[in-house]
Amino acid sequence: MTRPRMIIGCLAVLVLVGGFAWGATGLHPFGTGHSRYGNHLAHSTVPQRAATNSVVVTAFDYRAFDTVGEEFILFISVVGVVVLLRAIRGDADDRPEDELVPEQRRISEASRWLGAALVGPLTVLAAYVVVHGQLTPGGGFQGGVILMAGLAAIFLGGEYLLLLRLRRSATVPQLADAGGAAGFVMIGFGGLIGTGVFLQNFLPNGSQGSLLSGGMIPLANISVGIEVAGALLMVLSELLDQRLLGSQ
Amino acid sequence: MSVYPYIVVAWLLGVGLYGVISSRNYIHLIMCLTVMQASTYVLLLAIGYRTGAKAPIFADIPEHSRVVDPIVQALTLTDVVVEATVVALLLALAVQAHKRYGTTDPDAMVRMRE
């Protein structure tokens, strides 16, 4: 360990211990938390929005503006990953595909079959989690990650070529990422047009417990789900490219 | 009982920070950072917890049940997403650094630049 790193580390530890001790004096004992705002939000979701999952209602309706910010953090960091990794790749991109995939034959039959068998169920599960976000635990972010897991099953099954083609055409994940991010903002503008307030709920609430309850929340969940899956797919395929180039 | 979750928070933050300071490999360092991040999830959820309360999802409980705070849970969701994106970006930087310096040891990298 070098000296400067040690010194900076010790300073950070001192500040952190002091700050943590000071902060801990103001904490209430575990289990006695009572936030009036939280309580109010939890008990107004059903009467106001006909949606039963108050966490998703908080994230996608009452505090939707925060989620827009969060979504753009995701978007921008994916752009950062792509820029960083493509700078390394350079000319290697032009080689024919079969040169880039030397490992495909080494994948066992069992993992190929398992990968192929998992894609369908994972995709269905992802769609289920996304569209039921306003009713039961789930939502766009969680469903997007599961959808991505379905695509990762293709990778585990050894179908590098398929993913590589997807990366080279590049339009599908990029469109999903950008379209999902834009979709949420469009929903925000819908609120601006319908009610005069950005990201205000402008759709009818529907009946409690049905798929179309919660006004704009299902739409927001779907657009976030598409964005998350597209963003993660872009990161995965860029990292896959690194792996394939590294094995040369 | 009332302080144990906060001790877990302090422990996760501490071991994560120790790992970040003493790590000799960027990938390991990034994993230590995720351990530090995990302490914030525990802290947020511990703050929102109320003894005997249910999850704030009214699909199968009466509307006026005592529930835990939904705001900190939504914040935890944000936290998880931000962590995942930060890790992706840091891993990309680690790949870039390895290509350039041929090592993932931060100290060796500093020596090379001198």
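No experiment lies behind these values; they were computed from the predicted model shown.

**Remarks on the overall build of chain B**
In terms of helices and strands, chain B carries 4 helices and 0 strands. Overall, chain B shows an N-to-C arrangement of helices and strands of α-α-α-α. Taken over the C-alpha trace, chain B has a radius of gyration of 19 Å; the compact-globule value for 114 residues is 13 Å, which it surpasses by more than 25%. Reported as C-alpha extents along the three principal axes, the dimensions of chain B are approximately 65 × 30 × 15 Å. Buried residues in chain B amount to 27% of all 114 residues. The contacts in chain B between residues at least 6 apart in sequence include a share of 50% that link residues at least 24 apart.

**Digging into the interface of chain A and chain B**
Taken together, the contact pairs 45 residues of chain A with 42 residues of chain B. Elements with a contribution of two residues or more to the side of chain A that touches chain B: α1 (3-24), α2 (36-49), α3 (54-62), α4 (64-89) and α10 (217-246) of chain A. Per-element tally for the side of chain A that touches chain B: the top contributor is α4 of chain A, with 10 residues. Each residue belonging to the side of chain A that touches chain B can be placed in one class, and the counts come to 24 nonpolar, 17 polar and 4 charged.

**Brief notes about α3 of chain A**
Burial analysis of α3 of chain A places 9 of its 9 residues in the buried class, the great majority of the element. Along α3 of chain A, the residues classified as buried are S54, V55, V56, V57, T58, A59, F60, D61 and Y62 of chain A.

**What about the environment of I154 of chain A?**
Along the chain, I154 of chain A falls in helix α7 (residues 140-156). Once the C-alpha coordinates of I154 of chain A and R112 of chain A are considered, the two residues, 42 residues apart in sequence, prove to be 8.2 Å apart.

**Quick notes on the confidence of the model for chain A**
Chain-level statistics for chain A give a pLDDT mean of 83 and a share of 85% at 70 or above. By mean pLDDT, helix α5 (residues 97-100) of chain A is the weakest element of chain A at 56, and α3 of chain A is the strongest at 91.

Thresholds applied
- Residues numbered from 1 in each chain as written.
- Chains lettered and ligands numbered in written order.
- Predicted model: local features only at pLDDT ≥ 70, side-chain atom pairs only at ≥ 80, totals over all residues.
- Helix = DSSP H or I, 4+ residues; strand = E, 2+ residues; numbered from the N terminus.
- Rg over C-alpha atoms; globule rule 2.2 N^0.38 Å.
- Buried ≥ 20, exposed ≤ 12 C-beta atoms within 10 Å, placed from the backbone.
- Contact = placed C-beta atoms within 7 Å.
- Nonpolar A, V, L, I, M, F, W, Y, C, P; charged D, E, K, R; others polar.
- pLDDT = per-residue confidence, 0-100.

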